[in-house]
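# Overview (structure and organization)
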Amino acid sequence: EELVFQLRRHISSEHTYTVRFAVEMLMVYFLDGYFDPEYPAMVASVKSDDYYVNMMLSWYFATALAKQYDAVLSYLLEHKLSMWVHNKTIQKAVESYRITPEQKEYLKRLKRKG
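What you see as residue numbers is a count from 1 along each chain, following the sequence as written. Per-residue local features are limited, in this predicted model, to residues with pLDDT of at least 70; the limit for side-chain atom pairs, both in listing and counting, is 80 or more; totals at the level of whole chains, interfaces and linings are taken over all residues. Here the side-chain values reflect all heavy atoms present in the structure, with hydrogen atoms and water set aside.

## Section: the environment of V43
A run of H or I in DSSP becomes a helix once it reaches four residues, and a run of E becomes a strand once it reaches two; helices and strands are each numbered from the N terminus. Mapped onto the fold, V43 is located in helix 3 (residues 38–44). Here the alpha-carbon distance between V43 and M56, two residues 13 residues apart in the chain, equals 9.6 Å. Setting aside residues no more than four positions away along its own chain, V43 makes contact with I11, V23, L26, L57, Y60 and F61. The criterion used for residue contact is that any of the two residues' heavy atoms lie within 4.5 Å.

## Some points on the packing of aromatic side chains
Each Phe, Tyr or Trp ring, with Trp reduced to its six-membered ring, pairs with another whose centre is within 6.5 Å; inter-plane angles below 30 degrees give stacked pairs, above 60 give edge-to-face pairs, and intermediate values give tilted ones. By the definition in use, this model includes 7 aromatic pairs. An angle of 65° between the planes, with centres 5.2 Å apart, marks the rings of F30 and Y39 as edge-to-face. With respect to burial, F30 and Y39 carry one shared label: buried. Relative to F61, the ring of Y60 has its centre 5.1 Å away and its plane inclined at 85°; by these criteria the two rings are edge-to-face. Residue Y60 shares its accessibility class with F61, and that shared class is buried. Through successive ring pairs, a cluster of aromatic residues spans Y17, Y51, Y52 and W84. Remark: a charge is flagged as sitting over a ring if the NZ atom of Lys or the CZ atom of Arg is within 6 Å of the ring centre and within 35 degrees of the ring normal. Taking the ring centre of Y75 as reference, the NZ or CZ of K80 above it sits at 4.7 Å. Only protein chains enter the area calculation, which uses a 1.4 Å probe; residues under 20% of their type maximum are buried, those over 50% are exposed, and those in between are partly exposed.

## A look at helix 2 (residues 16–29)
Given the number of residues in a helix, its expected span is that number minus one, multiplied by 1.5 Å. Its 14 residues give helix 2 an end-to-end C-alpha distance of 20 Å, which sits within 8% of 20 Å, the value for a rise of 1.5 Å per residue. Every buried residue of helix 2 is listed here: T16, V19, A22, V23, M25, L26 and M27. Considering only its buried residues, helix 2 is in contact with helix 1 (2–11), helix 3 and helix 4 (51–77).

## Considering the packing of helix 1 against helix 2
Where helices are involved, their axes are fitted lines through C-alpha atoms of the stretch in contact, as for all axes, and angles between N-to-C directions lie from 0 to 180°. Taken N-terminus to C-terminus, the directions of helix 1 and helix 2 make an angle of 140°; their axes are 8 Å apart at the nearest point. Our classification of the angle between helix 1 and helix 2 gives oblique. Crossing of helix 1 over helix 2 shows left-handed handedness. Contacts between helix 1 and helix 2 involve L7, H10 and I11 from the first element and T18, V19, F21, A22, V23, M25 and L26 from the second. Residue classes in the contact of helix 1 with helix 2 are distributed as 8 nonpolar, 2 polar and no charged. Angle categories are assigned with fixed cut-offs, so that under 35 degrees is roughly parallel, over 145 is roughly antiparallel, 65 to 115 is roughly perpendicular, and the rest are oblique. For a crossing to be left-handed, the near helix must be turned anticlockwise from the far one by less than a right angle; the clockwise case is right-handed. For this scheme, ten residues count as nonpolar: Ala, Val, Leu, Ile, Met, Phe, Trp, Tyr, Cys and Pro. Four count as charged, namely Asp, Glu, Lys and Arg, and the remainder, Gly too, count as polar.

Okay, structure coming up:
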């Protein structure tokens, strides 16, 4: 509980690596048994032009697709992520061995074009 409180603070930081740290902690510790749909919403609320932040967001959502597919697919279907993060998430998920071939084919069709 205390960790999530701290991560909420860090995820809205102005500092690139503070945000990355918060998103990575949510990815590593809160996509399995401690998963709550509030957490991907927190991550999706991050808006940044920073390459390293956006790569972390993509990594988070690609991992979330592998672990909580049904709970996070709506972030792609409803275009809740920036186009860059959306497409990078799909790329990383398609490259993952944890995503089924059927899921990969479906995800490829969700790519957004400029």
